[in-house]
Amino acid sequence: MFRKILSVGGWTLVSRLTGFIRDVVLAAAMGVGPIADAFFVAFRIPNHFRAIFGEGAFNNAFLPAYAQVLETEGERSAHSFASRITTLMLVVQLALLAVAFFAMPWVVTLLAPGFSDEPAKFDLAVTLTRITFPYLLFITIVTIYSGILNAHDRFWAAAAAPILLNVAMIVALAVVFLFPNAGYAAAWGVTVSGALQLVMVWWDARKISSSPGLERPRIDAPMKTFFKALGPAVVGSAGVQLAIFADTIIASFLPTGAVSSLYYADRLYQLPLGVIGIAAGTVLLPEMSRRIAAGDEAGAYAAQNRTVGLTLALAAPFLVAFMVMPELIMSALFQRGAFDATAAERAGAVLAAYGLGLPAAVLIRSAVSSFYARSDTATPLIASLTAVGVNVIVKIMLMQTYGVVGLALGTAIGVWVNLGLLFILAYRRGWTAPSASLGRTCLAIAAACLVLALFAWFAPAVIAGWTARLPAWRNETLMAVLGASGALIYGGVLLAGLKVLGVRLARR
């Protein structure tokens, strides 16, 4: 299972690295001005709907149902089930696309009401969102193919597909002279990438003869199971997205640049979340589903504990970096072109606030597997909506004092509430069983983090004395040296701690 996690995580890492290059290009081309704010709203809107109707809710309902049909009834029945779901989702997405195209001014007003005071920025956001919205249709079908591939233990294409989003946007920005401005170029890059991603996963599914076709939907037992799980999952995913909607809505009332600062900080926050947390959850869900279906509860718990330990060990260094040197990270990665030192300082403060919630955020996908593997999507819904309520209330309370940083703090508090509720509910039902080995692993990780934090706090002043004499790339070199040295220190202390505490790295 670790090999699968590392495979998904590896491709996701490539996706995040190309995404970083994309964001560097975006920052240089747009900075944090009105074009950037308009584009990021246009980029967020289809991604919000994708998370509600696509890869979030849909995957959590579809994958266990498809895996069960595949396991109990065979390939032919599974193919029919997937084809009927594909047909249904295609009809729904086409209808949604048609409605959204004409209603886009109202959609933008709802999600970025502060833009109404700036007609030029509002009109640009409406136009760009109309360009990006078809991405939702493509990515929903991509999600179906990804679930099928994951159920067949094929993870690379689904994990690698988002790379095409980054490549398409970079290429579009490279020929920005062909468009009215950089916002138009990036928006067209988003939509084109959706078609490219669909081609990639279709090609991989076709290789194993599992590409779904179009088949008239009919209600049978697997479809009932799917819809029973889908309803609460959609509401739960919508709840999570409401918290992100709140960020966009509130930030639209803050001074120009708030939306952009949230975006750049969130992109770095999403790096460990996507590479580690989502990759682990992607592999863990089908693993637990199969084991529970076979009656191997102990094996499911053991798989979950190993995944949680690995997730924390890999994510912890990011937590330390985000909390101890956020401004240096932003300066080294983005401070060029239209992205100045003031923008780096503001985005760094947002990144530190996001970092407070990182441990909880990377563990949520592993925690919900306890429920989704049993086709229980109602309980995560309750936890999610409760956390969203806390999240939005905290954002409103903190925005007046802390501005855009308060929005990120609200997000951090919300994810901790979500994780806490998931763990408590799963533990009370006997659906999760943390082991003594996991506890010892957490102690070793905490010790390694403490040593790394001390290094990250004191070392920059020493190393900066050398990098300051460089003619260029001073911050970039400083961060590279700190990153490489910190990785060695953290890895060494962690391995030593695991050995002292008697934690076996290899499975028996």
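Report follows, based on the coordinates. (Residues numbered from 1 in each chain as written. Predicted model: local features only at pLDDT ≥ 70, side-chain atom pairs only at ≥ 80, totals over all residues. Heavy atoms only, no water.)

1. Structural notes on the overall build of the chain
Right, on to step 1. Scanning the chain from terminus to terminus reveals 19 helices and zero strands.
Right, on to step 2. At 23 Å, the chain has a C-alpha radius of gyration in line with the 23 Å of a compact globule built from 508 residues.
Right, on to step 3. For the chain, the C-alpha atoms occupy an extent of roughly 65 × 65 × 45 Å along the three principal directions.
Right, on to step 4. Here the chain, with 508 residues, has 56% of them falling under the buried criterion.
Right, on to step 5. A sequence separation of at least 24 residues applies to 84% of the contacts in the chain between residues at least 6 apart.
Right, on to step 6. Of the roughly 20,900 Å² of accessible surface on the chain, a fraction of 70% belongs to carbon and sulfur atoms.
Right, on to step 7. The average position of the 35 basic charges and that of the 23 acidic charges among the side chains of the chain differ by 8 Å. (Helix = DSSP H or I, 4+ residues; strand = E, 2+ residues; numbered from the N terminus. Rg over C-alpha atoms; globule rule 2.2 N^0.38 Å. Buried < 20%, exposed > 50% of the residue type's maximum accessible area, 1.4 Å probe, protein only. Contact = heavy atoms within 4.5 Å. Areas by Shrake-Rupley, 256 points an atom, 1.4 Å probe, with all protein chains shown as cover. Lys, Arg positive; Asp, Glu negative; His and termini not counted. Charge placed at Lys NZ, Arg CZ, Asp CG, Glu CD.)

2. Side note on helix 13 (residues 326-334)
Right, on to step 1. Helix 13 sits mainly inside the fold: eight of its nine residues count as buried.
Right, on to step 2. Residues of helix 13 that are buried include every one of P326, L328, I329, M330, S331, A332, L333 and F334, and no others.

3. Observations concerning the packing of aromatic side chains
Both the distance between ring centres and the angle between the ring planes are used here to describe each pair of aromatic rings.
Right, on to step 1. Summed over all chains, the structure comprises ten aromatic pairs.
Right, on to step 2. Look at F226 and F227: their rings are 5.2 Å apart centre to centre, the planes differ by 65°, and that puts the pair in the edge-to-face class.
Right, on to step 3. When its relative accessible area of 1% is taken as the criterion, F226 is described as buried.
Right, on to step 4. Site record: aromatic cluster; members linked through ring pairs are F39, F40 and F43.
Right, on to step 5. Across the ring face of F101, the terminal group of R130 is positioned such that the distance to the ring centre comes to 5.1 Å.
Right, on to step 6. The ring of W431 carries R429 above its face, with NZ or CZ at 5.1 Å from the centroid. (Phe/Tyr/Trp six-rings, centres within 6.5 Å; stacked < 30°, edge-to-face > 60°. Lys NZ or Arg CZ within 6 Å of the ring centre and 35° of its normal.)

4. Considerations on the side chain of S193
Right, on to step 1. Here S193 lies in helix 9 (residues 182-207).
Right, on to step 2. Look at S193 and you get buried, because its relative accessible area is 0%.
Right, on to step 3. A distance of 2.6 Å separates a polar atom in the side chain of S193 from the backbone oxygen of V190.
Right, on to step 4. For S193, the residues in contact, after removing those within four places along its chain, are Y135, L164, L165 and A168. (Polar contact = N/O pair within 3.5 Å; in protein donor to acceptor, adjacent residues only side chain to side chain.)

5. Brief notes about the pattern of salt bridges
Right, on to step 1. Counted according to the given criterion, the structure contains eleven salt bridges.
Right, on to step 2. Its salt-bridge partner being R154, residue D204 comes within 2.6 Å of it at the nearest N-O pair. Within this pair, whereas D204 is found in helix 9, its partner R154 is found in the loop between helix 6 (134-151) and helix 7 (156-160), the two being separated by 50 residues in sequence.
Right, on to step 3. R154 sits in the partly exposed class, given a relative accessible area of 24%.
Right, on to step 4. The closest approach of N and O atoms between D296 and R291, which form a salt bridge, is 2.9 Å.
Right, on to step 5. Sharing partners across several salt bridges, the network here consists of R84, E215, R218 and D220. (Salt bridge = Lys/Arg side-chain N within 4 Å of Asp/Glu carboxyl O.)

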